[in-house]
Amino acid sequence: MIDTQVLRSSFLSRYGAMPSACFAAPGRINLIGEHTDYNGGFVFPGAIEQCIACAISPNGTQMVRAYSIDLDDYCEFDINDQQGPKHTHFRYLYGVVRELMLLGVAVKGFDTTFAGDVPLGAGMSSSAALESCFAFALNKMYGTDTLSKMELAKVGQRTEHNYIGVKCGIMDQFASMHGRKGELMRLDCRSGEFEYFPWHPEGYRLVLINSCVKHELVGSPYNDRRMSCERVVAAINRLHPELKAETLRDVDWSHLKEVQSEVSEEDMRRATFVLGEKDRVLAVCDALQKGDYERVGEMMYLTHQGLSADYEVSCEELDFLNDIARQYGVTGSRIMGGGFGGCTINLVRNDLYDTFVATAVERFAERYAKQPIVIPVVIGDGARQLE
Ligand code: GLA
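Residues numbered from 1 in each chain as written. Predicted model: local features only at pLDDT ≥ 70, side-chain atom pairs only at ≥ 80, totals over all residues. Heavy atoms only, no water.

Enquirer: Which residues make up the overall build of the chain, and what values go with them?
Expert: Counting its regular elements, the chain contains 11 helices and 13 strands. The C-alpha radius of gyration computed for the chain amounts to 21 Å, which stays within 12% of the reference 21 Å derived for 387 residues, consistent with globular compactness. For the C-alpha atoms alone, the extent of the chain along its principal axes is close to 60 × 55 × 40 Å. A total of 387 residues make up the chain; the buried ones form 61% of that total. The contacts in the chain between residues at least 6 apart in sequence include a share of 72% that link residues at least 24 apart. Accessible surface, the chain as shown: approximately 15600 Å² in total, 49% of it carbon and sulfur. If the 39 positive side-chain charges of the chain are averaged to one point and the 53 negative ones to another, these points end up 2 Å apart. (Helix = DSSP H or I, 4+ residues; strand = E, 2+ residues; numbered from the N terminus. Rg over C-alpha atoms; globule rule 2.2 N^0.38 Å. Buried < 20%, exposed > 50% of the residue type's maximum accessible area, 1.4 Å probe, protein only. Contact = heavy atoms within 4.5 Å. Areas by Shrake-Rupley, 256 points an atom, 1.4 Å probe, with all protein chains shown as cover. Lys, Arg positive; Asp, Glu negative; His and termini not counted. Charge placed at Lys NZ, Arg CZ, Asp CG, Glu CD.)

Shown next as structure tokens:
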């Protein structure tokens, strides 16, 4: 957790006064349901303890003055500027400001310093944490309290779409806004309905192992994956106009089969993964209700297999970590988040935990001559104002 004293004193020394408030928003894990959000399916995330936090005060002008403590980087921009800063931390800030203004929030200039402990490029949603932190803060400062957490999550998502160029789904920002200590959430990304699931897996722990292969969705084939899914939906709609399918959520296995010769083999594999993943999230919910963690783990391995072979968003290092987990008898393991680097998420029995973690670190270091980073998962609260 970020020390608010550090934030406040950095603010004081930079701007010469104490901030009027401090806010924080977390990164997230996802138990299962990957690349299903933009396909209208289900996801199963939870917020984590690691956050991005800011100290902030209105400054009575039209200028935003922002300082990133971690990167020792400073930027100023006018809230009415049409271009905004180039692609850095500050572009996320600019996007959030502009998207809130479009919703009618009377944002004015402000001073801020911010810092975080969500590892960057690890697939733990550091950018969603940044967006959610400022969307929450600016809505509190300038809003009329009419925007729901879901609307604020969408502000973050539109920032990614319109200012960063990543056509992401809603999972990361949703989780960062709605998280609750000790609870995961199952979100239906088509209807926006969600439920909290207490997460107290007796006898098991979740741990992330960060391969430290930088996961970067900007410029990654993430958007291509989304387009593959959209092409399959379009082919199904051509054959079945009555379906009016908006996403892969609206189609079933028989529709997929029918368009096999209409779409590329690659698009077919992408869609096959998504339909399977949709079923796996529901299977996991069912298993959780019965306390059947072995079944949860089985589904996690299947997800990894699909993400690696069919969706092709894994990399050698993540497959290596997944293999070690399997060989070691770990209950479940898979790539977490968008892929192309980042972490595996592992569901590990308590009695295996210490030796598994030690073995994974040792074998990874032997193979790749660098240490992976072990991050125990603690499910924490969503966006909030800090004392
Ligand atoms: C990234 C995106 C999310 C989601 C995941 C994959 O984290 O931001 O919207 O698509 O990848 O599940």
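What follows continues from the structure just given.
Enquirer: Which residues make up the site of the ligand, and what are the values?
Expert: Surveying the vicinity of the ligand reveals 13 residues, the closest of which are Glu34, His35, Asp37, Asp172 and Tyr222. At a separation of 2.5 Å, an oxygen atom of the ligand approaches a polar side-chain atom of Asp37. One of the side-chain nitrogen or oxygen atoms of Tyr222 is found 2.6 Å away from an oxygen atom of the ligand. Relative to its free-state accessible area of 310 Å², the ligand is covered by the protein chains to the extent of 97%. Of all the cavities here, the one that holds the ligand is the largest pocket. (Near = heavy atom within 4 Å. Polar contact = N/O pair within 3.5 Å; in protein donor to acceptor, adjacent residues only side chain to side chain. 1 Å grid on protein atoms, 1.4 Å probe; cavity = no way out; pocket = protein on both sides within 12 Å on 5 of 7 lines; lining within 4 Å. Sits in = over half its atoms within 2 Å of the grid points.)

Enquirer: Just give me the short version of the packing of helix H2 (residues 89–102) against helix H4 (residues 149–164), but keep the residues and values in it.
Expert: Here H2 crosses H4 at 120 degrees, and the two axes come no closer than 8 Å. Of the possible angle classes, the one that applies to H2 and H4 is oblique. Judged by the sense of rotation from one axis to the other, the crossing of H2 with H4 is right-handed. Across the interface between the two elements, Arg91, Tyr92, Tyr94, Gly95, Val96, Arg98, Glu99 and Leu100 of H2 pack against Leu152, Val155, Arg158, Thr159, Glu160, Asn162, Tyr163 and Ile164 of H4. (Axes fitted to C-alpha atoms, helices over the stretch in contact; angles between N-to-C directions. Parallel < 35°, antiparallel > 145°, perpendicular 65-115°, else oblique. Left-handed = near helix turned anticlockwise from the far one by under 90°.)

Enquirer: Account for unusual backbone geometry, with residues named and values stated.
Expert: A positive phi is found at Cys212, a non-glycine position, where the angle reads about 65 degrees. Relative to the assigned elements, Cys212 resides in the loop between strand E9 (204–210) and helix H6 (222–239). Owing to a relative accessible area of 31%, Cys212 belongs among the partly exposed residues under this scheme. Of note, Glu312 is a non-glycine position whose phi angle comes to about 50 degrees, a positive value. Note on placement: Glu312 falls in the loop between helix H9 (293–309) and helix H10 (316–327). According to the relative accessible area criterion, Glu312 is partly exposed, its value standing at 34%.

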